[in-house]
Structure formats: structure tokens, C-alpha cells
Amino acid sequence: MDQQTLFMSFKPTKTLKKRGTHLVGFGFDGTACFRKGARLGPSAIREASYGIETFSPYLNLDLDDTDNLYDLGNLVLGDSTDPEVKWKKGNQELSKLWDKTDFKKDKVKLLTIGGEHSISYAPIKKYLEDYSDLLLIHLDAHADLRDGYEGFHYSHASIIRRALDHFGNDHDLVQYGIRSGTKSEYKWMREKGTLQTSKDDFFSYIRSIPNERPLYLTLDLDYFDPSYFPGTGTPEPGGEDFHSFIKLMKILRGKNIVGADVVELAPDLDSSGNSSVFAAKVVREIGLLLTHSKLD
Ligand code: MN
Ligand code: MN
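The structure displayed is predicted, hence computed values, not measured ones. Sequence order sets the numbering: in each chain, residues are counted from 1 along the sequence as written. Each chain takes a letter, starting from A, and each ligand takes a number, starting from 1, following the order in which they are written. With pLDDT at 70 or above as the cut-off, local features in this predicted model cover only qualifying residues; side-chain atom pairs require 80 or more to be listed or tallied, and sums for whole chains, interfaces and linings still use all residues. Water and hydrogen atoms play no part in the side-chain values, which are based on all heavy atoms of the structure.

Asks: Which parts of the structure should I look at to understand the coordination of the manganese ion (ligand 2)?
Replies: The rule for donors is simple: N, O or S, within 2.8 Å of the metal, or within 3.2 Å if the metal is Na, K or Ca. Water isn't counted, so a site may look like it is missing partners. Distances from the manganese ion (ligand 2) to its protein donors, His 117 (ND1), Asp 140 (OD), Asp 144 (OD) and Asp 220 (OD), fall within 2.1 to 2.2 Å. When the donors of the manganese ion (ligand 2) are listed by position in the chain, the intervening gaps give H-x22-D-x3-D-x75-D. Taken as a pair, the manganese ion (ligand 2) and the manganese ion (ligand 1) lie 3.3 Å from each other and share Asp 140 as a ligand. The buried label applies to any residue whose accessible area, calculated with a 1.4 Å probe on protein chains only, is under 20% of its type's maximum; exposed applies above 50%, and partly exposed to all values in between. What makes Asp 144 buried here is its relative accessible area of 5%.

Asks: Could you clarify how one ought to interpret the packing of helix α2 (residues 83–98) against helix α3 (residues 121–130) in this entry?
Replies: What describes two packed helices is the angle between their axes and the distance between those same axes. Axis separation between α2 and α3 bottoms out at 9 Å; the angle between their running directions is 35°. Where α2 crosses over α3, the two elements pack in a sense that is right-handed. Between α2, through Trp 87, Asn 91, Leu 94 and Trp 98, and α3, the contact on the second element is made entirely by Tyr 121, Ala 122, Pro 123 and Lys 126. Residues are grouped as follows: Ala, Val, Leu, Ile, Met, Phe, Trp, Tyr, Cys and Pro are nonpolar; Asp, Glu, Lys and Arg are charged; all remaining types, including Gly, are polar. Of the residues assigned to the contact of α2 with α3, the class counts are six nonpolar, one polar and one charged. An axis is simply a line fitted to the C-alpha atoms; with a helix, the fit covers only the stretch in contact. Between two such axes, the angle follows the N-to-C directions and lies from 0 to 180 degrees. Segments assigned H or I by DSSP are reported as helices when at least four residues long, segments assigned E as strands when at least two residues long, and all are numbered from the N terminus. We call a crossing left-handed when the near helix sits turned anticlockwise from the far one by less than a right angle, and right-handed when that turn is clockwise. The contact criterion used is simple: two residues touch if any of their non-hydrogen atoms lie within 4.5 Å.

Asks: Looking at this structure, how should I read the environment of Tyr 186?
Replies: Among the structural elements, Tyr 186 can be located in helix α5 (residues 183–192). Judged by relative accessible area, which is 16%, Tyr 186 ranks as buried. Expressed as a C-alpha distance, the spacing of Tyr 186 and His 138, which sit 48 residues apart in the sequence, is 15 Å. In this view, Tyr 186 contacts Ile 178, Arg 179, Ser 180, Gly 181 and Leu 195; residues no more than four positions away in its chain are not counted. Here a polar contact means two N or O atoms within 3.5 Å. Within protein one must be a hydrogen donor candidate and the other an acceptor candidate, and residues neighboring in sequence count only if both atoms are side-chain atoms. A polar atom in the side chain of Tyr 186 sits 3.4 Å from the backbone nitrogen of Ser 180.

Asks: What am I meant to see in the coordination of the manganese ion (ligand 1) here?
Replies: Ideal coordination angles are 109.5 degrees for a metal with four donors arranged tetrahedrally and 90 or 180 degrees for a metal with six donors arranged octahedrally. In this structure, Asp 140 (OD), His 142 (ND1), Asp 220 (OD), Asp 222 (OD) and Asp 222 (OD) serve as the protein donors to the manganese ion (ligand 1), at separations of 2.1 to 2.5 Å. Summarised as a motif, the one-chain spacing of the donors to the manganese ion (ligand 1) is D-x1-H-x77-D-x1-D. Judged by its relative accessible area of 13%, His 142 falls in the buried class. With relative accessibility at 2%, the residue Asp 220 sits in the buried group.

Asks: So what exactly am I meant to see when it comes to the sheet that holds strand β1 (residues 11–12) here?
Replies: Within a sheet, neighbouring strands are paired by backbone hydrogen bonds and run either parallel or antiparallel to one another. When DSSP finds two or more bridges between two strands, those strands count as paired. One open sheet accounts for nine strands, arranged β1-β5-β2-β6-β11-β10-β7-β8-β9; its pairing is parallel. Here the strands that pair on one side only, and so sit at the sheet edges, are β1 and β9 (195–196).

Asks: Which parts of the structure should I look at to understand the pairing of strand β6 (residues 109–114)?
Replies: Two faces make up the sheet, and in a regular strand the side chains alternate between them. Taken across its six residues, β6 has six buried, putting it largely inside the fold. By the alternation rule, side chains of β6 split into Lys 109, Leu 111 and Ile 113 and Leu 110, Thr 112 and Gly 114, which are all buried. As judged from the six bridges shared by strand β2 (residues 21–26) and β6, these two strands associate in the parallel manner. Within β6, the position partnered with Thr 21 by the bridge is Lys 109. The pairing of β6 with strand β11 (residues 256–263) spans four bridges and is classified as parallel. Directly across from Leu 110, in β11, lies its bridge partner Gly 259.

Asks: What should I look at first to understand the packing of aromatic side chains in this one?
Replies: Any aromatic ring pair is given by two values, namely how distant the centres are and how the planes are angled relative to each other. By convention, a stacked pair of Phe, Tyr or Trp rings (six-membered ring in the case of Trp) has centres within 6.5 Å and planes under 30 degrees apart, an edge-to-face pair has planes over 60 apart, and any other such pair is tilted. Scanning all chains against the criterion turns up 18 aromatic pairs. Note on Tyr 176 and Tyr 223: the rings are 6.2 Å apart at their centroids and 70° apart in plane angle, and the pair reads as edge-to-face. Pair noted here: Tyr 176 is in strand β8 (residues 172–176) and Tyr 223 is in the loop between β10 (214–220) and α7 (242–252), with a separation of 47 residues, a long-range link. Summarising the burial analysis for this pair, Tyr 176 and Tyr 223 share the class buried. With a centroid separation of 5.6 Å and 70° between ring planes, the pair formed by Phe 224 and Phe 245 is classed as edge-to-face. Taken together, the residues Phe 224 in the loop between β10 and α7 and Phe 245 in helix α7 connect sequence positions 21 residues apart. We classify Phe 245 as buried; its relative accessible area is 0%. A network of ring pairs unites the aromatic residues Tyr 58, Tyr 176, Phe 202, Phe 203, Tyr 223, Phe 224, Phe 229, Phe 242, Phe 245 and Phe 278 as a single cluster. Geometrically, a lysine NZ or arginine CZ counts as sitting over a ring once it is within 6 Å of the ring centre and also within 35 degrees of the ring normal. Stacked on the ring of Phe 103, the Lys or Arg Lys 126 has its end atom at 5.0 Å from the ring centre.

In C-alpha cells, the structure reads:
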């Protein structure tokens, strides 16, 4: 792995640490359908992170006040020209990393930065295996429920569908921010009741989750409105702003967040660089939530 440090608070490591919160970059964008560039996401977030504070005035928490933050660097995906080979290589690297680790028992947390949304597959699958009662929170402009897309079974447009392949009886899914999908994706979400369409209802739902319930957050950055966040491959008008995200973070602070991923920053699509800074701030807030929510 190629070692880099996010903020100065994350200590470089090659292995997972018990009770640690770990950052890992998975810069893959092989199945992107519209505009590529998310492979550069992890490095852009790391670079932008040097320009922002470690202290969050919103959560009143500082990354520097904790000693259990680790950085695993960016996964090395090899130089194959076949996107599927690269994607599999990344997943193999992750498997090697957590092979002997039970995330629940060892109280290990992972914050994966993409890359396109297909990189969330392996982390979500691992969390579903280790937490039989995991609630998956999906924030995105897109439903991501297609059964494969443009020949890729594990496409970024299918990530939630592929996660559902591994759902047990006590796993749950909630989706918010979705404003684009096929008729059949919408039909499925309405039938299963996974889709929240009003912000107030969604926030009330999150508040009502028992504090001990393990939560995994998968955040596709196109959740945000393209006027705030243009640096993403499939922008979709009508999204959330940073303030509503912070409100959500404050609600989640009392909950048991055990893992998360932040995906779909394509830094070169925003020449101002603001999207990368935005994403780094989002990563800071989620990193703070992860390291401060209780696992006992
Ligand atoms: Mn999306
Ligand atoms: Mn997505």
C-alpha cells in the first residue's frame, strides 16, 4: 500500500488495530457510466485535508484528541486494463486486511474512501457478515438497485442491489436523497418501504433507531446538490446541502456508527477544487463520529 496521511491525526499502519478507526482509499472508477475520475478521489481528499482544521465546530470534537485513528493508505490496484481485474484486486487487498478480524468482536471500524460506488461492496458485505443486525443507511441521488449495468454485475449503479444479496433476516436498509431511478427501482423501494422522501421523516426515523443498533453509512457524494458539489460523475439537481448533512451528523452522534464509506468524488470535474475540500470536511465529520460512537 502507498502510505499517505490524512490530516496529521491518522497514524500510518499496515494492519487493523483493535478498537481503532481506520481510513483506507479505494480509487477505482472502472464501471462509471457517464464521466469517470473517481479513481483520483482518495488522493484529492488527502491533499485537501491538509488545508482544513482537525477540529469540528459542529460536533465540538477534534481528530487530534483521539489516539485510535489509523490510515491504511490507498489500495494498490495493479495496472491491468481490465476494470474487473482491478476491482477484484482491490477487494482481495481488503479481504487480506480483515481476513482474521471480526469487526464486531475486535471493535474495528473502517472508513473507506472511493472511488466509485462499486468499491463499497466488499466493506458492506464484511459488515453484514460481522453484524447480524446491521442497518445500512444509503445516502445517494441514485437508487443503485439495478441488477448490473452495462455488462458489470457489480456496477456502481447496482451496489445496493448487490449488498441486498447478503442481507439476513435482521438486516435493514434505509435510503434517503434518492431522486433518480428507474420505474422498477422506485416500485421496489416503495414496496419494501426503504425510501424516505421527506427530510423531517428521515431525521425522525434516524432519531428513533435504538442507540445500540449498529449502523453502516454509505454516502455517495452526489447526494449533495451539484451547485455545492459539482465534482462527481453523475450529478443530479435537487440534492442536500452541507448544513442538512451536519444536522444529520448531530443526530447520528448519539448512535452506534460502526463503519462508513464516502464515494464518487471525481476531483477533476470541479476545477475550483471546492468539491475536494467539501469531501474532506465530510470525511472529517464521519471520522469523528466513528471514533466517538460507543461500541460497548
Ligand atoms: Mn449516485
Ligand atoms: Mn451510488
